[in-house]
Amino acid sequence: MTTLGSEKNGTSTDDITLSSRGMRALVPSLPYFTSYFKALVDPCDVEKNPEGRIALCMAENKLVQDELSTRLQQTSVASTAFSGLDNYCYNSMNGMFHVREAIAGFLTRKFLQPALGSDDALQADNVVLGSGAAGLLNWMFFFSLRG
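Just so it is clear, the model here is predicted, and its values are computed rather than measured.

> Talk me through the overall build of the chain; I want residue IDs and the actual numbers.
Summing up its helical and strand segments, the chain has six helices and four strands in all. Listing every helix and strand of the chain by position from the N terminus yields β-β-β-β-α-α-α-α-α-α. A buried classification covers 9% of the 147 residues belonging to the chain. Taking the intrachain contacts of the chain between residues at least 6 apart in sequence as the baseline, contacts between residues at least 24 apart amount to 22%.

> Describe in detail the confidence of the model for the chain, supporting the description with residues and values.
Parts of the model with low pLDDT should not have their predicted coordinates read in detail. Looking at the chain as a whole, its pLDDT mean stands at 78, while 83% of the residues score no less than 70. The lowest-confidence element of the chain is strand S3 (residues 11-12), averaging 50 in pLDDT; the highest-confidence one is helix H2 (residues 33-41), averaging 87.

> How would you sum up the side chain of Thr 108? Please name residues and give values.
Mapped onto the elements of the fold, Thr 108 is located in helix H5 (residues 97-116). Side-chain polar atoms of Thr 108 contact the backbone oxygen of Ala 104, separated by 2.8 Å.

> How would you summarise the environment of Ala 78 if you had to cite specific residues and measurements?
Relative to the helices and strands, Ala 78 is located in helix H4 (residues 75-81). Here Ala 78 falls in the partly exposed class, since its relative accessible area comes to 26%. In contact with Ala 78, other than residues within four places in its own chain, are Leu 72 and Ser 83.

> Got a sec to walk through the environment of Met 140? Specific residues and values, please.
With respect to the secondary-structure elements, Met 140 resides in helix H6 (residues 133-144). Looking at Met 140, the relative accessible area reads 42%, which means it is partly exposed. Counting along the chain gives 12 residues from Met 140 to Val 128, while the straight-line C-alpha distance between them is 9.8 Å.

> Describe the packing of aromatic side chains, naming the residues involved and giving the relevant values.
Scanning the model with the defined rule gives three aromatic pairs in all. Seen from their ring centres, Tyr 36 and Phe 37 are 5.8 Å apart, and the 50 degrees between their planes marks the pair as tilted. What makes Tyr 36 buried here is its relative accessible area of 17%. Of the residues examined, Phe 37 reaches a relative accessible area of 47% and is grouped as partly exposed. Summarising the aromatic geometry, the rings of Phe 106 and Phe 111 are spaced 6.3 Å apart at their centres and angled 80 degrees between planes, so their arrangement reads as edge-to-face. Classification of Phe 106 as partly exposed rests on a relative accessible area of 37%. Members of the aromatic cluster, joined through ring pairs, are Phe 33, Tyr 36 and Phe 37.

What counts as what
- Residues numbered from 1 in each chain as written.
- Predicted model: local features only at pLDDT ≥ 70, side-chain atom pairs only at ≥ 80, totals over all residues.
- Heavy atoms only, no water.
- Helix = DSSP H or I, 4+ residues; strand = E, 2+ residues; numbered from the N terminus.
- Buried < 20%, exposed > 50% of the residue type's maximum accessible area, 1.4 Å probe, protein only.
- Contact = heavy atoms within 4.5 Å.
- pLDDT = per-residue confidence, 0-100.
- Polar contact = N/O pair within 3.5 Å; in protein donor to acceptor, adjacent residues only side chain to side chain.
- Phe/Tyr/Trp six-rings, centres within 6.5 Å; stacked < 30°, edge-to-face > 60°.

Now the structure itself:
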């Protein structure tokens, strides 16, 4: 048990006793929360605030948001990309197979073939998709430690 003294309007009030579990609950659950909140208050902007903070713990890419939104709203893309019922439910931890196939084809065309000058293709089974670096790292470490 830990005793915390508290002050209200400059006057000391009754001490509060808090268990060790309660003390742990007062600590932010993720170590980067404090820095993240500072970045929200003081965001970096090239012109307005070049000395501001960049929240590297947030995997959010706003650089292609307009282009991606325009592309996804095209009838031909929307009708095929969002037509399957599995798009709206939990699915494979590796990511949806048809999306992994598309990404494997893209990576093969844009990077693998020009770099190696070969006809080798990246397979969908070699591609894993996830909802952020933390989740993917947890997934990778979990399966690598399974033996």
